[in-house]
Amino acid sequence: MALEQACVHAMPKPWGSTDLLPWSEVAHDGVAIGELWFQRRDIHAAEPALLLKLLFTREALSIQVHPDDAFAQAMGLPHGKTEAWYILSATPDATIGVGLKSAHTPAELRAAIEDGSITDLVQWRKACKGDVIFVPAGTIHAIGPGLVLAEIQQRSDTTFRLFDHGRQRELHIEHGVAAAQAGPAAGQAPVRHLGDGRTLLVASPYFVLERFDLASGSVWNLSASRETWLVIIAGTARLGAFQAVAGEGCFIEADSMRIEAGREGLTCLVAYDATSPCPDLLHAVSAHDANAPGDAVSQPPLPLPALAGPSNPFTEARP
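The written sequence of each chain sets the order in which its residues are numbered from 1. pLDDT decides what is reported in this predicted model: residues at 70 or higher carry local features, side-chain atom pairs at 80 or more are listed and counted, and totals for whole chains, interfaces and linings draw on all residues regardless. As a convention, hydrogens and water are excluded, and side-chain values are obtained from all of the structure's heavy atoms.

Peer 1: Just checking my understanding: could you explain the pattern of salt bridges for this structure?
Peer 2: Pairs can form between side chains of opposite charge whenever their charged atoms are close. By salt bridge we mean one thing: a side-chain nitrogen of Lys or Arg within 4 Å of a carboxyl oxygen of Asp or Glu. Applying the stated criterion to the full structure yields 16 salt bridges. The partner of Arg40 in a salt bridge is Glu4, with the nearest N and O atoms 2.5 Å apart. With Arg40 in the loop between strand E3 (33-39) and strand E4 (50-57) and Glu4 in strand E1 (residues 2-5), this pair connects stretches of sequence that are 36 residues apart. Accessibility assignment for this pair places Arg40 and Glu4 in one class, buried. Of the charged contacts, one joins Arg167 and Glu59 as a salt bridge, the two residues approaching to 3.5 Å between their closest N and O atoms. Of this pair, Arg167 sits in the loop between strand E12 (160-163) and helix H4 (173-179) while Glu59 sits in the loop between E4 and strand E5 (63-65), placing them 108 residues apart in sequence. Helix and strand definitions follow DSSP, with helices as H or I runs of at least four residues and strands as E runs of at least two, each counted in order from the N terminus. Each residue gets one of three labels from its accessible area relative to the maximum for its type: buried under 20%, exposed over 50%, partly exposed in between, using a 1.4 Å probe on protein chains only.

So this is what it looks like as structure tokens:
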């Protein structure tokens, strides 16, 4: 059983931002932060299957692709990387690229990477607050500047860069061509309301992503049988025994947690290790039960240890 307030670790990136408000007040000494990683406080716990992040883009990210499980395992890695994004904010001209405009042969893709014309092959589109984008492994993709987004993914940072805007980082042409599905992105299922304030955003073979929209003052019980991550994106709440605001969250597994929405209501993203929505995930607490004390957090706050450096060269970590 586990119920923990999540630690947040800042990751410097060459394309990141120095303005993380209102999502974080972490000290960064003017260094551009590209990602905030949500981590468990229990340093002895097994590594989670999922990784939840917030991304901040002042510059464009590389055009890139991630391997699927089979490709990653052939390289000696435990698994590939399928991910999904939820746009938290976007400047008027912000764009994302997902998939290519048309199908290309490996030789055509390799040539476009080598001469930089891959930027013209990518299917770019406007990004708007509230957009949901599913990016299966093998999909060529890119995130433009002017965005803050939440990302849930398989816990891997293996990235094959195909174009990097002149940053002088290594490109991974052969691996990228071999891992890529060099064509348009697969169709994505529309979001679906599940009732009780729940909206299904993505259901994939690796994770489910939902949004909760809970009314002011309402009280709920979250029952998580599998690994579950929650991050607040609007409003405030009492999560178990701690107060939380936008950009804060928790980890839950084989446990339950009382959620008390604040005066402005609560909107949060909830991601869990499943292939379809859990019907018993969230239940309203009756007025009688709402007067009972909240749950206790299973562990007191602990400092987050420094993350180890990348274990393979195919990462987006800053050199």
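Peer 1: Sorry, what's going on with helix H2 (residues 106-115) here?
Peer 2: An α-helix turns once every 3.6 residues. As a result, residues three or four positions apart point the same way. Within H2 the residues assigned to the buried category are Leu109, Ala112 and Ile113. Within H2, the buried residues cover an arc of 100° as seen down the axis, which keeps them to one side. Along H2, exposed side chains directed more than 90 degrees from the buried face belong to Ala107, Glu114 and Asp115. Contacts were defined at the residue level, with two residues in contact if any of their heavy atoms lie within 4.5 Å. Where H2 is buried, its residues meet helix H3 (118-121), E12 and H4. Looking one or two residues beyond H2, the residue adopting positive phi is Gly116, at roughly 85°. The arc under discussion is defined with respect to the helix axis, by the directions toward the C-beta atoms.

Peer 1: Hey, could you run me through the sheet that holds strand E11 (residues 147-154) in this one?
Peer 2: By way of backbone hydrogen bonds, the strands of a sheet pair with one another, either parallel or antiparallel. Taken in spatial order, the 6 strands of this open sheet run E2-E3-E4-E11-E6-E9, and their pairing is antiparallel. Looking at which strands have only one partner, the edges of the open sheet turn out to be strand E2 (7-17) and strand E9 (132-135). Averaged over all neighbouring strand pairs, the angle between strand axes comes to 20°, with direction disregarded. Two strands form a pair only when DSSP identifies at least two bridges running between them. In terms of strand pairing, E4 meets E11 through 8 bridges, oriented antiparallel. Within E11, the position partnered with Leu55 by the bridge is Leu149. Axis angles are defined between N-to-C directions and span 0 to 180 degrees, where every axis is a line fitted to C-alpha atoms and, for a helix, only to the segment in contact.

Peer 1: For this particular structure, what's the right way to read the environment of Leu3?
Peer 2: Among the structural elements, Leu3 can be located in strand E1. Residue class for Leu3 comes out buried when judged on its relative accessible area of 1%. As for Leu3 and Ala254, which are separated by 251 residues in sequence, their C-alpha atoms are 8.6 Å apart.

Peer 1: What am I meant to see in the side chain of Glu151 here?
Peer 2: Secondary-structure assignment places Glu151 in strand E11. Beyond its immediate stretch of four places on either side in the chain, Glu151 contacts Leu51, Leu52, Lys53, Leu55, Lys81, Glu83, Ala84 and Trp85.

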